[in-house]
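Architecture and fold: a report
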Amino acid sequence: MSALRPLAAAAAALVVAAVAIAALGLPAGAALRALAAGSLGGPAAWTATLLKTAPLLLTGLAVALAFRCGVWNIGAEGQLLAGALAATALATRLAPGAPAPLLLPLAALGGAAAGAALAAVAGGLRAARGVSEVISTILLNFVAIQAVAWAVQGPLQEASGAYPQSDALPAAARLPALGRVHAGVLLALLAAPGAAWLLFRTPLGLRLRAVGHSPVAARFAGISPERHGVTALALAGALAGAAGAFEVAGVTGRLYQGLSPGYGYTAIAVALLARLHPLAVVPSALFFGALEAGAAAMQREAGIPSVATEVVQGIVILFSVGFALPRRGA
Amino acid sequence: MEKRFGARAALEGADLVVAAGEVHALLGENGAGKTTLVNVLAGLVRPDAGRLEIGGRAVDLRRFGPRAARVAGVGMVHQHSTLVPAFTVEENLAFADPAAGRWFRPRAARARVEALRARYGLDAPLGVRAESLSVGQRQRAEILRALDRGARVLVLDEPTAVLTPGEVRALLPVLRQLAASGCGVVFISHKLDEIRAVADRITVLRRGRGVGTVATAATDARSLGRMMLGRELDALAPRRAAAARGPVLLALRGLCAPGLREGSALRDLELEVRAGEIVGVAGIDGNGQRELEEVLAGVRRPSAGSVEVAGAPVPLGARALRARGVAHLSGDRERAGLVAAMSVAENLLLKATWDDRRFFRRGRFDAEAAARHARACIEAFGIVPPDPERAVGLLSGGNAQKVAVARELAERPRVLVAVNPTRGLDVGSARFVHERLLALRDAGSAIALVSTELDEVLALSDRAVALVRGRLVPLPDGADRDAIGAVLLGEAPGVAAA
């Protein structure tokens, strides 16, 4: 029953979205067909869906993991960008002289570390000064966005100086891929059971969950809510940072502004639709990934204006999150 | 009334008839259905079957919600305050005031409250924010609000559980006066002496059924206990000959700590607890009890002095205390370290040392071993239902406390800090906890029993002191209860008001 609710919510959302498209005087049938074909109809569609799913999966886990510890991480977007920035910097500037086999791991780990570091700033402020992480993580998103903007027009701009973007990452720093589906997709899929294992099978996970459910009880049990808040944010930041590194190393090949179409924000919906369970984040991210890929196709194939596709995505997010959550007091 | 929550039957045909002009006590063990029954009356719980009549008129239970209950004249005073903390008392009364319609009229409310206050002698400062009121004042403000809304049936869910003895003494005549003015007052309490002092009639619930209603004058403690428990009620666990006392295991040396409020800072505490003895610390909440608990649990930093375990000062921290064999059992279960949303097995692991090889290996915990440990504790401490995976929040208060007892006592700690260990428990569960404390003492542990239940302190302690306004003072001989009361209230010589 409780597992069916999110499914029913997603289905109902699509129905309402179709009605909304029709109400705008657009061909609802064609739009939905394009949505389905563009997300699930054939290898190319699946490729598009999987490429969108990977960053949603990692950032969705980042949000879910932090929420489980009672930390409202709204900063997955910034952490993703920090990861992309660090990975690009390492791959194009700092380490082109490094041995080739090390370049990719270095860039990926550097990306994760940068995401973790950015999130840890919010964690540290929260632990030391009681600064609400909701505010600080949102504000750090802007810091990361501006940092990327500055980097691609400054120190990381491509050698030709033509566009505000970085040089292409060297081949050794690119993720191996099957077709266009890069290895980061597989790593993202493995991260979900990894996060579940961490939460439910390790003493650290036990402590994180205890803090999330009851910080007071945790303190009396000798578990510091402050320190574990920092840990949870750093872990979350590492996941989101890895997502950013995988984007530049697996999909775009370069850093530029607008690298992420708001993955880190959609991640909140991904995590809530999954009810914060790491394993459920996989189908949840897949759903939102398909929606993202299908919306692009809807725009391309059925001539639905991009504004309308965003309306559709918004409706789906509202529905799926609103209905997936348990009723108040229940 | 009948009501099931999932598989659990909370009410199975319970009856309650309250007359105008009486104080009607509702008595029963934890989980007997008292709160569910009054929540039906307040429109908060919809029963599966049953009839409700208010003022002789049958109520349509399908449309009976909190608002309908209020309109019908039911006023509810919950255990925990439902006032808006940031509003003053008069604003709270004006807030959602049915007579004011869409407008917010604190001044009109003030006039009404003044009248009610004068009539019932309910003293609650009007211009003060609810969050800065004492618990007793907040409760009186809630009663005022219920009366202001025209309550004819007033329901008080364990109002005295959170009050000091003085506040209880002030509340009981108010209830009598409310009844005298024609209200029907429903009074839930675990305490027989209060019930005897105030109630006209008593309805006893046992496992969701009404066992019967008796006139207070025509009954006694033993027969009420029999109705409640279905067996004879003994007095508190009898005091036993103390085991041979050993060395000092727990000592407070010149301990000072900042207070949470006026007069609750700890000042220069000196206390020694030896192996094989229970030292009671009596007192009224708000005199440093919480601060002392937090220091002894390692979550509050002393400003001066130290806590010594077996002769050596302990560094600050819950884990440091635990590692030296100090356990902490609290009646405030949420604070004691039980996480309601987590399972029995997980709660039992919460204070384990993270390098405990029984449960943790190579950075992970062994779910099998945890479940085995939980089943052993469930067996040894009689936790019901015997399910290691059940969330602690779904257990009754008594069984949740058994989980805490299991975790704190299973390892036979050298020192136990027990703070109100039986608060909110029914008689059977309280006796279970008392037996365990005595057994632990007889096994040679040192126990500091900090309790606001004077009877508990007197019955269990080998010697006792009182914590009054943050200082430890000697407690007069147990026989002289008037003298003890004076000391606890800080009225006796020797307790300087500083």
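Residues numbered from 1 in each chain as written. Chains lettered and ligands numbered in written order. Predicted model: local features only at pLDDT ≥ 70, side-chain atom pairs only at ≥ 80, totals over all residues.

1. What about the overall build of chain B?
Helices and strands together make up the secondary structure of chain B, namely 16 helices and 22 strands. Computed over C-alpha atoms, the radius of gyration of chain B comes to 24 Å, within 12% of the 23 Å expected from 2.2 N^0.38 for 498 residues, which places it in the range of a compact globule. With respect to the principal axes defined by its C-alpha atoms, chain B has extents near 65 × 55 × 45 Å. For chain B, the residues scored as buried account for 47% of the 498 residues in total. (Helix = DSSP H or I, 4+ residues; strand = E, 2+ residues; numbered from the N terminus. Rg over C-alpha atoms; globule rule 2.2 N^0.38 Å. Buried ≥ 20, exposed ≤ 12 C-beta atoms within 10 Å, placed from the backbone.)

2. With respect to the interface of chain A and chain B
Contacts between the two partners involve 14 residues from chain A and, on the opposite side, 27 residues from chain B. Looking at the side of chain A that touches chain B, the elements with two or more residues in it are α8 (203–213) and α9 (215–220) of chain A. Looking at the side of chain A that touches chain B, the element that brings in the most residues is α8(A), giving 5 residues. (Contact = placed C-beta atoms within 7 Å.)

3. Some words on the sheet that holds strand β8 (residues 184–188) of chain B
Residue and element names in this part refer to chain B. With mixed pairing, 6 strands are arranged side by side in an open sheet as β6-β7-β8-β3-β9-β10. Edge positions in the sheet fall to β6 (74–77) and β10 (209–215), since each has one partner strand and no second. Across the sheet, the axes of successive neighbouring strands diverge by a mean angle of 20°, strand direction being ignored. Summarising the sheet, strand β3 (residues 23–27) and β8 pair through 4 bridges and their orientation is parallel. Counterpart to Ala25 in the pairing with β8 is Phe187. Most of the contacts of helix α1 (residues 34–41) go to β8, to which it runs at about 150°, and overall it touches β3, β6, β7 (153–156), β8 and β9 (201–206). (Pairing = 2+ DSSP bridges. Axes fitted to C-alpha atoms, helices over the stretch in contact; angles between N-to-C directions.)

4. Digging into the packing of helix α5 (residues 100–129) of chain A against helix α6 (residues 133–153) of chain A
Helices that pack against each other are described as a pair by the angle of their axes relative to one another and the distance between those axes. All names here are of chain A. Close contact between α5 and α6 brings their axes to 9 Å; oriented N to C, the two are set at 150°. In this structure, the crossing between α5 and α6 has a hand that is right-handed. Across the interface between the two elements, Leu118, Val121, Ala122, Leu125 and Arg126 of α5 pack against Glu133, Ser136, Thr137, Leu140 and Ala144 of α6. Classifying every residue of the contact of α5 with α6 by side-chain character gives 6 nonpolar, 2 polar and 2 charged. (Left-handed = near helix turned anticlockwise from the far one by under 90°. Nonpolar A, V, L, I, M, F, W, Y, C, P; charged D, E, K, R; others polar.)

5. A closer look at helix α12 (residues 367–381) of chain B
Note on helix geometry: an α-helix contains 3.6 residues per turn, so any two residues three or four positions apart are oriented the same way. All names here are of chain B. Counted at 1.5 Å a residue, the expected span for α12 with its 15 residues is 21 Å, and the 21 Å between its end C-alpha atoms agrees. Along α12, the residues that are buried comprise Ala370, His373, Ala374, Cys377 and Ile378. Taken down its axis, α12 places every buried residue within 140° of arc, on the same side. α12 presents Glu368 and Glu379 as exposed residues on the side facing more than 90 degrees away from its buried surface. Here the buried face of α12 lies against α11 (344–349), β18 (364–365) and α13 (397–409). Two residues or fewer past α12, Gly382 is found with a positive phi of approximately 65°. (Expected span 1.5 Å × (residues − 1). Arc of directions from axis to C-beta.)

6. Digging into the sheet that holds strand β20 (residues 446–450) of chain B
Residues and elements named next belong to chain B. Sheet architecture is open: 6 strands sit in the order β16-β19-β20-β13-β21-β22, paired in mixed fashion. Only two strands of the sheet have a single neighbouring strand rather than two, namely β16 (326–330) and β22 (471–474). Across this sheet, the average inter-strand angle for adjacent strands is 25°, counted without regard to direction. Bridge count for strand β13 (residues 278–282) against β20 is 4 bridges, and the pairing is parallel.

7. What about the domain arrangement of chain B?
As far as domains go, chain B holds domain 1 (2–229) and domain 2 (248–337 + 411–488). Between the C-alpha centres of domain 1 of chain B and domain 2 of chain B the distance comes to 33 Å. (Domains from an automatic or database assignment.)

8. Quick word on helix α14 (residues 427–442) of chain B
All names here are of chain B. With 16 residues, α14 extends 22 Å between its outermost C-alpha atoms, agreeing within 8% with the 22 Å of an ideal straight helix rising 1.5 Å per residue. Restricting attention to buried positions, one finds in α14 the residues Ser429, Ala430, Phe432, Val433, His434, Arg436, Leu437, Leu438, Leu440 and Arg441. Within two residues after α14, Gly444 carries a phi angle of roughly 105°, on the positive side.

9. What about the confidence of the model for chain B?
Residue and element names in this part refer to chain B. In the predicted model, chain B carries a mean pLDDT of 85, and the fraction of residues at 70 or more is 91%. Averaged pLDDT values over the elements of chain B bottom out at 70 in helix α16 (residues 481–488) and peak at 96 in β20. Here residues 231–235 is a poorly scored stretch, pLDDT under 50, and it has 9 contacts once near neighbours within four places are set aside; other chains count. With pLDDT under 50 throughout, residues 493–498 is counted as low confidence; its partners more than four residues away or in other chains account for 9 contacts. Quick note on the complex model: pTM equals 0.76, ipTM equals 0.83. (pLDDT = per-residue confidence, 0-100.)

10. Examining the pairing of β16(B)
Residue and element names in this part refer to chain B. Within β16, 5 of the 5 residues are buried, which leaves it mostly tucked inside the rest of the structure. Inspection of the sheet shows β16 paired to strand β19 (residues 415–419) by 5 bridges, in the parallel sense. Residue pairing across strands places Ser330 opposite Val419, the latter belonging to β19.

11. Here we look at unusual backbone geometry
The phi angle of most residues is negative, glycine excepted, and most peptide bonds adopt the trans form. In this chain, B:Val384 is followed by B:Pro385 through a cis amide linkage whose omega measures -5°. Locating B:Pro385 in the fold gives a position in the loop between α12 and α13. Positive phi, normally seen in glycine, also occurs at A:Arg275, with a value near 50°. Relative to the helices and strands, A:Arg275 resides in the loop between α11 (263–273) and α12 (278–301). C-beta crowding within 10 Å serves as the criterion here: with 17 such atoms nearby, A:Arg275 is assigned to the partly exposed category. In this model, B:Arg412 sits at a positive phi of 50°, which is unusual for a non-glycine residue. Judged by the 13 C-beta atoms lying within 10 Å of it, B:Arg412 falls in the partly exposed class.

12. Comments concerning the environment of A:Gly110
All names here are of chain A. Along the chain, Gly110 turns up in helix α5. Separated by 112 residues in the primary sequence, Gly110 and Gly222 place their C-alpha atoms 33 Å from one another. Filtering out sequence-adjacent residues up to four positions away, Gly110 remains in contact with Ala86, Ala87 and Leu90.

13. A look at the confidence of the model for chain A
Considering every residue of chain A, the mean pLDDT works out to 90; 96% of them sit at 70 or more. Per-element averaging of pLDDT across chain A places helix α13 (residues 306–324) of chain A at the bottom with 75 and helix α10 (residues 225–252) of chain A at the top with 97.

14. Some points on the environment of B:Ile54
Residue and element names in this part refer to chain B. Tracing the chain through its elements places Ile54 in strand β4 (residues 53–54). Judged by the 19 C-beta atoms lying within 10 Å of it, Ile54 falls in the partly exposed class. Expressed as a C-alpha distance, the spacing of Ile54 and Gly73, which sit 19 residues apart in the sequence, is 8.0 Å.

15. Description of the environment of B:Asp48
Residues and elements named next belong to chain B. You can see Asp48 is positioned in the loop between α1 and β4. Under the C-beta neighbour-count criterion, Asp48 is labelled exposed, with 12 such atoms within 10 Å. In the structure, Asp48 is positioned 14 residues away from Arg62 in sequence and 9.9 Å away in space, judged by C-alpha atoms. When near neighbours in sequence (up to four residues on either side) are disregarded, Asp48 contacts Glu2, Lys3 and Arg4.

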